[in-house]
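The residues making up each chain are set out below.
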Amino acid sequence: MTELLLIFISTLLINNFVLSYFLGICPFLGVSGKIESAIGMGLAVTFVMTLATSISWLIYHLILVKFNLLFLQYVIFILVIASLVQMVEMFIRKFSSGLYQALGIYLPLITTNCAILGAALFMVSRNYSFLESVVFGFSGGLGFSLVLLVMAGIRQELEDADVPRVFKGVPLTLITAGLLALIFMGFSGLFSSI
């Protein structure tokens, strides 16, 4: 149980996909302009990342390893992710057209979100059990959501701030992202065993 808690906290805060590994930067920068779209994207990524790591673990261990088809790992993982994203996109389009419009092009980009593929590959390379993989995927998605919401809140506050013209837009967004990464690096001292 302690191992699961360590994986959860480590992935959520210390080894955050966006701020530690710099994976998933495209949707992080693209959707963090408004809190509403950040919540929707965070939920979608959390759902896809949790299911992708779970399904990928099952396919990897029950099919790829068993039949010595490890060379298909990347292709299979990408197909799993693409299928899940398609399912999420259809669900959001049907039940929340406003969120679907707000997410725009970034929703299909979840398919190529390297954070989700990274989670599936890290799960294999770290030799996680099925339950550890589920916790890892879920906490990775929550970590992505947390960082996305924090960034969206900061960006909305900065819209009304008196900022020099040269820093408005992308420069200030990148500076803010760098400062967030430094802040999250501070969590690395919390646990010496992680």
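Focus: unusual backbone geometry
Here Phe22, not a glycine, exhibits a phi torsion of approximately 55°, which is positive. With a relative accessible area of 53%, Phe22 lands in the exposed category. Despite not being glycine, Asn127 has its phi angle at roughly 55°, a positive value. With respect to the secondary-structure elements, Asn127 resides in the loop between helix 6 (114-125) and helix 7 (130-159). Owing to a relative accessible area of 60%, Asn127 belongs among the exposed residues under this scheme.

Some words on the pattern of salt bridges
A side chain of one charge can pair with a side chain of the opposite charge if their charged atoms are brought near each other. This model, assessed by the stated rule, comprises one salt bridge. Glu89 is the partner of Arg93 in a salt bridge, and the nearest nitrogen-oxygen pair spans 3.6 Å. Taken as a pair, Arg93 and Glu89 lie in helix 4 (residues 73-95) at a separation of four residues, close to a single helical turn.

Some details on the packing of helix 1 (residues 2-14) against helix 7
Contact geometry for helix 1 and helix 7: axes closest at 7 Å, N-to-C directions at 25°. Viewed along their axes, helix 1 and helix 7 adopt a mutual orientation that is roughly parallel. Once helix 1 is placed against helix 7, the crossing between them reads as right-handed. Packed against helix 1, whose contacting residues are Glu3, Leu4, Ile7, Phe8, Thr11, Leu12 and Leu13, the element helix 7 presents Leu131, Glu132, Val135, Phe136, Phe138, Ser139, Gly140, Leu142, Gly143 and Leu146 at the interface. In terms of residue class, the contact of helix 1 with helix 7 is built from 11 nonpolar, four polar and two charged.

Examining the confidence of the model for the chain
On average, residues of the chain score 91 in pLDDT, and 98% of them reach the 70 mark or higher. By mean pLDDT, the top-scoring element of the chain is helix 7 (96), and the lowest-scoring one is helix 5 (residues 97-103) (82).

Some remarks on helix 6
Look at helix 6: 16 Å from first C-alpha to last across 12 residues, which is about the 16 Å you get at 1.5 Å a residue. Burial analysis of helix 6 places nine of its 12 residues in the buried class, which makes it a mostly covered element. For helix 6, the elements touching its buried residues are helix 3 (35-64), helix 4 and helix 7. Note on helix 6: the residue one or two positions beyond its end, Asn127, has a positive phi of about 55°.

Description of the packing of helix 3 against helix 7
Contact geometry of helix 3 with helix 7 gives a least axis separation of 8 Å together with a crossing angle of 165°. One way to sum up the angle between helix 3 and helix 7 is to call them roughly antiparallel. Crossing geometry of helix 3 relative to helix 7 is assigned as right-handed. Of the residues contributing to the contact of helix 3 with helix 7, the split by class is 17 nonpolar, 12 polar and one charged.

What counts, and where the lines are drawn
Residues numbered from 1 in each chain as written. Predicted model: local features only at pLDDT ≥ 70, side-chain atom pairs only at ≥ 80, totals over all residues. Heavy atoms only, no water. Buried < 20%, exposed > 50% of the residue type's maximum accessible area, 1.4 Å probe, protein only. Helix = DSSP H or I, 4+ residues; strand = E, 2+ residues; numbered from the N terminus. Salt bridge = Lys/Arg side-chain N within 4 Å of Asp/Glu carboxyl O. Axes fitted to C-alpha atoms, helices over the stretch in contact; angles between N-to-C directions. Parallel < 35°, antiparallel > 145°, perpendicular 65-115°, else oblique. Left-handed = near helix turned anticlockwise from the far one by under 90°. Contact = heavy atoms within 4.5 Å. Nonpolar A, V, L, I, M, F, W, Y, C, P; charged D, E, K, R; others polar. pLDDT = per-residue confidence, 0-100. Expected span 1.5 Å × (residues − 1).

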